[in-house]
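Close look at the chain arrangement
Chain by chain, the residues:
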Amino acid sequence: MRAEAALGLSAVVYKVMKMEATVPKAGGRKPAKEWSVPVNGMTCASCVSRVEKAISKVPGVERAAVNLATERAQVMTDASVTPDALVEAVKRAGYEVLHSSTTLDVGGMTCASCVSRVEKALRRIPGVTDAVVNLATETATVRAIGVGEDALVAAVAKAGYDASLRTDETKQSPLPGLDTDMLALIFCALLTLPLTVPMVSQWFGLHMMLPPSVQLVLATIVQFAFGGRFYKSAYKAVLARAGNMDLLVALGTSAAYGLSVYELVAHPGQMGHLYFEASAVVITLIRFGKWLEVRAKHKTTEAIRALNALRPETARVRANGEEKTIPLSRVRTGDNVVVRPGERIPVDGVILEGQSDIDESLITGESLPVSKGAGDPVVTGSILAHGYLVVRTTAVGADTMLSRIIRLVESAQVEKAPIQRLVDKVSAVFVPAILGMALLTFFGWFAVGGSAEMAMLNAVAVLVIACPCSLGLATPTAIMAGTGVAAQHGILIKDAEALELAHRMNVVAFDKTGTLTEGKPSLVTFAPAHVSREEALRLAASIQQASEHPLARAVVATAQSEDVPLSSVADVTALPGRGIEATVDGWQLVIGSDRWLNATAVQPPSELQRAAEEAHASGLTVSWLVQTQPESRVLGLMAFGDAIKGTARRAIEALSEMGVRTVLLTGDSVGSAQRVAKELGINEVHAELLPEDKVNAVAALRQSGAVVGMVGDGINDAPALAAADVGIAMATGTDVAMHAAGVTLMRGDPSLVADAIDISRKTYQKIRQNLFWAFVYNVLGVPLAAFGVLSPIVAGAAMAFSSVSVVSNALLLRTWKPRASRSAPATVVMGAAKEKTRGPLATPH
């Protein structure tokens, strides 16, 4: 087997391990490192030699030994060699190095500065190629070569934070410690209240001030017992030579508390100016704000938790005539699972017995139940309305569609949108800048004749009001809310970049068959020549019997309905975009398109030529049955018709209302394409396209300055989906198309395209709103505090609620409803639902 073929077939994921050893070198050379790099695709000794030579050419590599049995390269290098250099060397040799992907739960982060510090700590590890930290989910996703999990956890710990490997259990952990935080907040507020009531009472001419010693006791408990978390985090930040929000809070409240203690000691027995209430109130308000923030962030992950909750823990398996309830982890592919009314289906599978209406709303977003019977596919998490089903298992655990949906949504929620880069740049210098501003405020007030107390309080206000929390939460919370609500309505957005690009999309190109049409064409006309109709149909159906193409299925279905026996075939060869070639009973035959026939010297009989012209005029798709050996002649004409989806017109109208231009790209005939385009209102049509022609058409649209979305469902659409700015795949189609796309529509409903653009625009709008207010808050708040307009207490309240307002604004996305679905006629939706919701769960073809 060739190395290239082995590379294509290999799907083994290796756990990458790297061993680093600091070995002293003679002559002051850099310390050596030993790497254990998995190489994918090697098949023989010559492969080993190629990889060794390629790696040895990398500057700094001292020795490279490749083991074919373990499929690993042991490489000794000096410290100057990067993992990227080794990866590129292996790629140049024609092989592949697989990255590992690790997700960590990170505790202790409070703001955008924390995010930046954790990312930098992870990226400094040799072997880490990318690290993305999400403040809203408190996770770090790391792609690396040769880095163990322990090294990642240690790097985060060194940066001053807690980290642990994320597991399925921690994913579903809803709100750890929230009740404890609430209890602590209540006690903190109760201790702070006696300090604030006397201050407020002075506004009404009442004097209820507590003795200084009582104020000291209450403030000390609040400062160090309930504010201890800020000191702990600030200490870790200082050790890591960095700054964060907690450092600002600790410095600010300590200054107010320290100033009060100084006044108390310097003027014993006097009721001087004490600011114990300022430090206590700031700590209480900030803790309250963080508690609200955690509760709000929790709501942004409700979509994931709702999907996780769909997984039953047990399944009722029938074996040897008996039914036995077992843990879901023990169910295997091929097992027969029994499902009763009201239960959730625990596996992906195919119905063997029974019939029922099934609620798939949380999987496909379709609110209406779907009627299913024997032979129909079902999916994990859907609910049986009535009846009794026996389901043969086709997928369990991580292989089910539900698990794939969850992984897609999670990956989108942990990714950073490109707009976040601006926030990262700002947060990197934010805390040092605020510390400098606080010092300027103190010395500025002192220089213009202000008292030391006034200068200190204004500097404290600057430290307290400057919170980068809202900056860190602005983007991820909006993305989480947007992708979550989209998933609930059957729109899966793979990554944040697709979400951000989709809002600028102004051209959408559609494939025709299976996207705008039902994808279930019927054989409208079958005209034979030189042989009988039965003979021609037998030959055509025999060639097509192994194909999953919709036109092929239509031919086979016609032959079966007429009880035409099929023959075995040999030498089957696909002609991409043109047809299929095979040998039947010694006859060499081709079923080809108009394009293929026109490229040959074969001329159809005049009667078939007239039939083809009539079929083209009617918008039908024409294929030809042609004998190539021992003589070349046309044996038959096949004309296919495909019904347009009931929601297709509404989809095009919705896009037009949104200012999005639509284009039709199809491999079908010009007549068929123009018929569909005319009926739907699509002005630009490109027909008879090969897969590479679709790519070129998409590229031409992009070169004209358009932001292009491509919608398709087949293998032949995958290149165009990848070439577009945003690929949108129908889940009714193939896995290949879905992998190539940035957005997957869980129902074969083209009106979801407009919904996908709409939620993208709404989400991006929320991101911009959040970033605007986060920046404006600091741009206005810090100067006001510096000029003495805001007291530390007001500054603390404003800071505490800034991040809450950002998260709350993002949560408004949860009220989003699909615009196209709102206007859908009930009869159309019902007709479409039955067909469209069955498709996504079918075996990919």
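Residues numbered from 1 in each chain as written. Predicted model: local features only at pLDDT ≥ 70, side-chain atom pairs only at ≥ 80, totals over all residues. Heavy atoms only, no water.

**Here we look at the overall build of the chain**
For the chain, the helix and strand inventory stands at 31 helices and 30 strands. Counting over 845 residues, the chain shows a buried share of 53%. By sequence separation, contacts in the chain at least 24 residues apart represent 71% of the contacts at least 6 residues apart. (Helix = DSSP H or I, 4+ residues; strand = E, 2+ residues; numbered from the N terminus. Buried < 20%, exposed > 50% of the residue type's maximum accessible area, 1.4 Å probe, protein only. Contact = heavy atoms within 4.5 Å.)

**Observations regarding the packing of helix α8 (residues 212-226) against helix α9 (residues 228-239)**
Where α8 meets α9, the axes come as close as 4 Å, and the angle between the chain directions of the two elements is 45°. By the criterion of interaxial angle, the relationship of α8 to α9 is oblique. Taking contact as the criterion, the partners of Gln223, Phe224, Ala225 and Phe226 in α8 are, on α9, Gly228, Arg229, Phe230 and Tyr231. Here the residues of the contact of α8 with α9 sort into five nonpolar, two polar and one charged. (Axes fitted to C-alpha atoms, helices over the stretch in contact; angles between N-to-C directions. Parallel < 35°, antiparallel > 145°, perpendicular 65-115°, else oblique. Nonpolar A, V, L, I, M, F, W, Y, C, P; charged D, E, K, R; others polar.)

**Considering the UniProt feature "transmembrane region" (unreviewed entry) in the chain**
Annotation from UniProt places "transmembrane region" (unreviewed entry) at residues 182-201, 213-231, 243-262, 274-292, 426-448, 454-474, 770-787 and 793-813. End-to-end, the C-alpha atoms of residues 243-262 are 27 Å apart, and along that stretch the chain is 90% helix and 0% strand. Secondary structure content for residues 274-292 is 89% helix and 0% strand, while the C-alpha to C-alpha distance between its ends is 30 Å. (UniProt positions renumbered as here; feature names shortened; annotations may be inferred.)

**Some points on the pattern of salt bridges**
Using the criterion set out here, one finds 19 salt bridges in the structure. In this structure, Arg318 and Glu323 form a salt bridge, with 3.8 Å as the shortest nitrogen-oxygen distance. Arg318 gets classed as partly exposed once you look at its relative accessible area, which sits at 26%. Since its relative accessible area comes to 33%, Glu323 is described here as partly exposed. Among the ionic pairs, Arg538 bridges to Asp585, the shortest N-O distance being 2.7 Å. Taken together, the positions of Arg538 in helix α19 (residues 533-544) and Asp585 in the loop between β22 (579-584) and β23 (587-593) put the pair 47 residues apart, joining distant regions of the chain. One salt-bridge network, held together by shared partners, links Arg318, Glu323, Arg340 and Glu353. (Salt bridge = Lys/Arg side-chain N within 4 Å of Asp/Glu carboxyl O.)

**Things to note about the packing of aromatic side chains**
The description of an aromatic ring pair uses the distance of the two centres, along with the angle that the planes make with each other. Taken as a whole, this structure holds seven aromatic pairs when the rule is applied. An aromatic cluster of three or more residues is present, and its members are Phe224, Tyr231, Tyr257 and Phe276. (Phe/Tyr/Trp six-rings, centres within 6.5 Å; stacked < 30°, edge-to-face > 60°.)

**Side note on helix α4 (residues 112-123)**
Relative to the 16 Å expected for twelve residues at 1.5 Å per residue, α4 spans 17 Å between its end C-alpha atoms, a close match to the ideal helical length. With ten of twelve residues buried, α4 lies mostly within the body of the structure. Listed in full, the buried residues belonging to α4 are Ala112, Ser113, Cys114, Val115, Ser116, Arg117, Val118, Glu119, Ala121 and Leu122. (Expected span 1.5 Å × (residues − 1).)

**Description of the side chain of Thr763**
With respect to the helices, strands and loops of the structure, Thr763 is situated in helix α28 (residues 751-786). We classify Thr763 as buried; its relative accessible area is 0%. Apart from the residues within four sequence positions on either side, Thr763 is in contact with Ala478, Ile479, Gly482, Leu499 and Leu813.

**Considering the nonpolar core**
Core analysis: the biggest nonpolar cluster contains 118 residues, and Met109, Leu122, Ile491, Val508, Phe510 and Val753 have the highest contact counts within it. Sort the elements by how many residues they give to this core and α28 lands first, with twelve residues. Counting 24 residues, the second largest nonpolar core, distinct from the first, contains Val37, Val39, Ala54 and Val81. (Core = buried A, V, L, I, M, F, W, Y, C linked by side-chain atoms within 4.5 Å.)

**Section: the sheet that holds strand β13 (residues 356-359)**
Spatially, β14-β13-β16 is the arrangement adopted by the three strands of the open sheet, whose pairing is antiparallel. Where the open sheet ends on each side, the last strands, each with one partner, are β14 (370-372) and β16 (383-384). (Pairing = 2+ DSSP bridges.)

**Let's talk about the pairing of β23**
In terms of burial, β23 is largely enclosed, as five of its seven residues are buried. As defined by bridge partners, β22 adjoins β23 across six bridges and the pair is classed as antiparallel. Opposite Glu581, over in β23, you have Val590 as the bridge partner. Taken together, β22 and the strand that follows it, β23, pair antiparallel across an intervening segment of two residues, in which Asp585 is found at a positive phi of about 50°. Where β23 and strand β24 (residues 621-629) come together, six bridges link them in antiparallel fashion.

**A closer look at the sheet that holds strand β8 (residues 162-165)**
Strand order in the open sheet formed by four strands is β6-β7-β5-β8, and the pairing between neighbours is antiparallel. Strand pairing shows two members of the sheet lacking a second neighbour, β6 (128-134) and β8, which therefore form its edges. The average undirected angle you get between the axes of adjacent strands in this sheet is 25°. Pairing of β6 with strand β7 (residues 139-144), which is carried by six bridges, proceeds in the antiparallel orientation. Bridge pairing links Asp130 to Arg143 in β7. Across the sheet, helix α5 (residues 149-158) touches β5 (100-107), β6, β7 and β8, and the angle it forms with β5 is around 35°.

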